[in-house]
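# Close look at the chain arrangement
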Amino acid sequence: MTRVKLLQGDITTAEVDAIVNAANEVMLGGGGVDGAIHRAAGPALLAACREVPQVSGVRCPTGEARITAAGALKARFVIHTVGPRYGIDANPAQLLADAYRSTYRLALEHGCSRLAIPAISCGVYGYPLDEAARIALGVSLEDEFNSLEMAFYLFGEEIYTIWETVLAEYKAGT
Ligand code: ADP
């Protein structure tokens, strides 16, 4: 299980194959980690996002993922995924798991092995942190994703501690 690592800090500093973005369906930037990634990547990222095909303004439906170039970030790609809005979208657990699975499958298709990942839906989208950790880490540890090296960038002491506890439980097989 050494392929899943938990770090505290700013994801925009990661040097990896792909940085994962907790985006919204429009995919043209936003608040939270999305805003931080766009600020650090510069206008090239926004330009790359505009190139992604859209249907009625939606470039990435909730639970899916899209890949673009990474602008000025120290990564080859940004993988944008959209998590559920807790308390608003139906079946949030399924959609959150789908967001991680879609992200990892896209990474594998593009030959990425090292990923930096934020806590999708854990900010403005309001997902309870403990439940989100169980879903995120459960999917990340599925056999299908064995070849990926995943570094979760957790923003703050509280969320880091919660995810650390859940990962320890999974490692202990409980
Ligand atoms: P969502 O809309 O999916 O909830 P947010 O960006 O609001 O996305 O929050 C997702 C998580 O990312 C939250 O835990 C938030 O604290 C965290 N976050 C915000 N900025 C950064 C950053 N620069 N690096 C890593 N995580 C961040």
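Placed above this text is the structure.
Just so it is clear, the structure is predicted and the values come from calculations on it, not from any experiment.

### Brief notes about the packing of helix H4 (residues 129–140) against helix H5 (residues 157–171)
The interhelical angle for the contact between H4 and H5, taken along N-to-C directions, is 50°, at an axis separation of 9 Å. As judged from the angle between their axes, H4 and H5 are oblique. Our pair here, H4 against H5, has a crossing hand that is right-handed. Contacts between H4 and H5 pair Leu 129, Asp 130, Ala 132, Ala 133, Arg 134, Ala 136, Leu 137 and Gly 138 from the former with Glu 158, Ile 159, Ile 162, Trp 163, Val 166, Leu 167, Glu 169 and Tyr 170 from the latter.

### Some words on H4
Spanning 12 residues, H4 covers 16 Å between terminal C-alpha atoms, matching the ideal 16 Å at 1.5 Å per step. Residues of H4 that are buried make contact with strand S1 (4–8), helix H3 (92–109), strand S6 (149–154) and H5.

### A short note on the pattern of salt bridges
Counted according to the given criterion, the structure contains 8 salt bridges. In this structure, Asp 130 engages Arg 134 in a salt bridge whose closest nitrogen and oxygen atoms are separated by 3.1 Å. In this pair, Asp 130 and Arg 134 both sit in helix H4, 4 residues apart, roughly one turn of the helix. On the basis of relative accessibility, which here comes to 32%, the residue Arg 134 falls in the partly exposed class. Between Glu 169 and Arg 134 there is a salt bridge whose closest N-O contact spans 3.1 Å. On the criterion of sequence distance, the pair formed by Glu 169 in helix H5 and Arg 134 in helix H4 is long-range, its members being 35 residues apart. Residues participating in the shared-partner salt-bridge network are Asp 17, Arg 76 and Arg 114.

The rules behind these values
- Residue positions are counted from 1 within each chain, in the order its sequence is given.
- This being a predicted model, a pLDDT of at least 70 is required before a residue's local features are given, and a value of 80 or more before pairs of side-chain atoms are given or counted; all residues contribute to the totals for chains, interfaces and linings.
- Side-chain measures were taken over the full set of non-hydrogen atoms in the model, leaving aside hydrogen atoms and water.
- Axes here refer to lines fitted to C-alpha atoms; in helices the fit is confined to the stretch in contact. Angles between the N-to-C directions go from 0 to 180 degrees.
- Each helix corresponds to a stretch of at least 4 residues labelled H or I by DSSP, and each strand to a stretch of at least 2 residues labelled E; elements are numbered beginning at the N terminus.
- When describing relative orientation, an angle under 35 degrees is termed roughly parallel and one over 145 degrees roughly antiparallel, while 65 to 115 degrees is termed roughly perpendicular and anything else oblique.
- Handedness of a crossing is defined here by the sense of rotation of the near helix relative to the far one, left-handed for an anticlockwise turn of less than a right angle and right-handed for a clockwise turn.
- Throughout, a contact is declared for two residues whenever any of their heavy atoms are within 4.5 Å.
- Multiply 1.5 Å by the residue count of a helix minus one, and that product is the helix's expected span.
- The term salt bridge refers to a side-chain nitrogen of Lys or Arg lying within 4 Å of a carboxyl oxygen of Asp or Glu.
- A simple rule labels every residue: compare its accessible area, found with a 1.4 Å probe on the protein chains alone, to the largest value its type can have, and call it buried under 20%, exposed over 50%, or partly exposed in between.

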